[in-house]
Amino acid sequence: MILFKSKKTIISFILGGAGTVIMLIFFLLGPPKLLAKSEQPAFCVRCHVMEVAYESWIHAGAHRRKTCVDCHLPNENAVAHYIWKSIDGIKDVALFYSGMVPDRIELTSHGEKVLQANCIRCHDQTVTHIDQDRKCWECHRRIMHARSGAMETI
């Protein structure tokens, strides 16, 4: 059991803990306008490392009607969506401001799973009779941002 020497110490401890919880909730969920704004591709492109991905997306056929978060964040439920939005956002900000962003950004294994699940979610009627374990972008190579401007064949 922790023994406190005075009421002032107890109050300071409680206020510090409450402040930490409030800051954590704020940073995880953000203010509503920031949350809505950060769902838009115009927000993502503000980091110069995303310009190439944005340019290829904006010119890439049917998927230009989708936003970055439609494909790159879990969308099966709101809780998973916002938890991963917070995790990915904090990671992206830390990498960007530390100068540690790689020249070529690649999907993580978690990102691949999320992207695959979102492809299947949007195209579920089309893919019901095919191998859903194979990555969609292995055949649909022009979906990848880096290749969307190039003519590729299987």
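Above this text is the structure in question.
Participant: Mind showing me how you'd approach the pattern of salt bridges here?
Facilitator: Tallied over the full model, the rule gives four salt bridges. Note that Glu112 is salt-bridged to Lys135, the shortest N-O span being 3.0 Å. Of this pair, Glu112 sits in helix 7 (residues 109-122) while Lys135 is found in the loop between helix 8 (124-127) and helix 9 (136-139), placing the two residues 23 residues apart along the sequence. Using a relative accessible area of 25% as the deciding quantity, one classes Glu112 as partly exposed.

Participant: It is not clear to me how helix 6 (residues 78-98) should be interpreted in this structure. Could you clarify?
Facilitator: One turn of an α-helix holds 3.6 residues; hence residues three or four places apart share an orientation. Compared with an ideal rise of 1.5 Å per residue, which puts 21 residues at 30 Å, helix 6 spans 30 Å between its outermost C-alpha atoms and is within 8% of the ideal. Within helix 6 the residues assigned to the buried category are Ala80, His81, Lys85, Ser86 and Asp88. For helix 6, the N-terminal cap is Asn77; the gap from its side-chain oxygen to the backbone nitrogen of Val79 is 3.1 Å. Gly99 occupies a position one or two residues after helix 6 and carries a positive phi of about 80 degrees.

Participant: Any chance you could explain the environment of Asp92 here in plain terms?
Facilitator: Mapped onto the elements of the fold, Asp92 is located in helix 6. Owing to a relative accessible area of 44%, Asp92 belongs among the partly exposed residues under this scheme. In this structure, the C-alpha to C-alpha distance between Asp92 and Cys47, residues 45 residues apart in sequence, is 9.5 Å.

Participant: Before we go on, may I ask you to explain the side chain of His81 in this structure?
Facilitator: Inspection of the secondary structure assignment puts His81 in helix 6. A relative accessible area of 8% places His81 in the buried class. Looking at His81, its side chain comes within polar contact range of the side chain of Asn75, at 3.1 Å. Contacts of His81, omitting those with residues within four sequence positions, involve Glu39, Val69, Leu73, Pro74 and Asn75.

Participant: For this particular structure, what's the right way to read helix 7?
Facilitator: Between its first and last C-alpha, helix 7 extends 20 Å over 14 residues, near the 20 Å set by a 1.5 Å rise per residue. Every buried residue of helix 7 is accounted for by Gly111, Val114, Leu115, Gln116, Asn118, Cys119 and Ile120. Buried residues belonging to helix 7 abut helix 5 (68-72), helix 8 and helix 9.

Participant: Whenever I open this one, a positive patch on the surface confuses me. Can you help?
Facilitator: On the surface, Arg64, Arg65, Lys66 and Arg121 cluster together into a positively charged patch. Summarising the element assignment, Arg64 is placed in the loop between helix 4 (51-58) and helix 5. Judged by its relative accessible area of 45%, Arg64 is partly exposed.

Thresholds applied
- Residues numbered from 1 in each chain as written.
- Predicted model: local features only at pLDDT ≥ 70, side-chain atom pairs only at ≥ 80, totals over all residues.
- Heavy atoms only, no water.
- Salt bridge = Lys/Arg side-chain N within 4 Å of Asp/Glu carboxyl O.
- Helix = DSSP H or I, 4+ residues; strand = E, 2+ residues; numbered from the N terminus.
- Buried < 20%, exposed > 50% of the residue type's maximum accessible area, 1.4 Å probe, protein only.
- Expected span 1.5 Å × (residues − 1).
- Polar contact = N/O pair within 3.5 Å; in protein donor to acceptor, adjacent residues only side chain to side chain.
- Contact = heavy atoms within 4.5 Å.
- Patch = residues over 30% accessible without salt bridge, like charges linked within 9 Å, V, L, I, M, F, W, Y side chains within 5 Å.
- Areas by Shrake-Rupley, 256 points an atom, 1.4 Å probe, with all protein chains shown as cover.
- Lys, Arg positive; Asp, Glu negative; His and termini not counted.
- Charge placed at Lys NZ, Arg CZ, Asp CG, Glu CD.

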